[in-house]
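Spelled out from the first residue to the last, the chains are:
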Amino acid sequence: MSSSKKITLVVILVSIYMFSCVSSTEFEVGGEDGWMVPQSKTHGDMFNHWASHNRFKVGDTVRFNYTKDSVLVVSEEEYKKCKATKPQLYSNNEDTVFKLDRPGLFYFISGISGHCEKGQKMIIKVMEIESSPDSPPPSSSSSPSLPTSTQKKSSAFKTSVQCSSSGFLAIAVLVVSIFGLA
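Residues numbered from 1 in each chain as written. Predicted model: local features only at pLDDT ≥ 70, side-chain atom pairs only at ≥ 80, totals over all residues. Heavy atoms only, no water.

Going by an unreviewed UniProt entry, the protein carries the name Phytocyanin domain-containing protein and comes from Brassica oleracea. Heading Subcellular location (unreviewed entry) of the UniProt record for the protein holds this comment: "Cell membrane". Quoted verbatim from the Sequence similarities (unreviewed entry) heading of the UniProt record, the comment on the protein is "Belongs to the early nodulin-like (ENODL) family." (UniProt positions renumbered as here; feature names shortened; annotations may be inferred.)

Below you can see the structure in the form of structure tokens.
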């Protein structure tokens, strides 16, 4: 096989591999402070403020760190009332990870009586279209209205990249057979 065919084959395989990779981000709700009752009325909407400064996409996860509390995924109506009768998720294990598995709105509240009314609630909007690999990472901007400790890590996150090896293998076999290399 000529060297130009080898180079073309390598370029095609690398391109296919890159397109089979999917990145996801894990966000730590509330940064350093985690999932806690806001300390004052002026910080009552701090979780929605935090969420509004991040871009969430399908496949991302949100991590709730807390002590002696809980997190519930609820309907819009339950969110507004700060009362859940049939939560979609209830967790009180002090380290809850929730996967954002569809586009749209997700509603979270604390399950401890009175905490939601004090501002321990949040709406996350998951984007309809997955952003391209060239998109900038989630915003790291902070706001003076957030507590100082939250400003330090208002958008704490880690990104992971997952590549499908089975899809890559199938396409590699196809390319090899097209070039008649087998």
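From this point, things continue past the structure.
Participant: What exactly am I supposed to notice about the overall build of the protein here?
Facilitator: Assigned secondary structure in the protein consists of 5 helices and 8 strands. Taken from N to C terminus, the helices and strands of the protein fall in the order α-β-α-β-β-α-β-β-β-β-α-β-α. Each of the 182 residues in the protein was classed as buried or not, and the buried ones make up 36%. With an accessible surface of roughly 10,800 Å², the protein has 57% of that area assigned to carbon and sulfur atoms. (Helix = DSSP H or I, 4+ residues; strand = E, 2+ residues; numbered from the N terminus. Buried < 20%, exposed > 50% of the residue type's maximum accessible area, 1.4 Å probe, protein only. Areas by Shrake-Rupley, 256 points an atom, 1.4 Å probe, with all protein chains shown as cover.)

Participant: I keep staring at the environment of Val62 and nothing clicks. Help me out?
Facilitator: Positionally, Val62 belongs in strand S2 (residues 61–65). In this structure, the C-alpha to C-alpha distance between Val62 and Val29, residues 33 residues apart in sequence, is 6.4 Å. Excluding residues within four positions of it along the chain, Val62 makes contact with Phe27, Val29, Phe56, Thr96, Val97, Phe98, Leu100, Phe108 and Ile124. (Contact = heavy atoms within 4.5 Å.)

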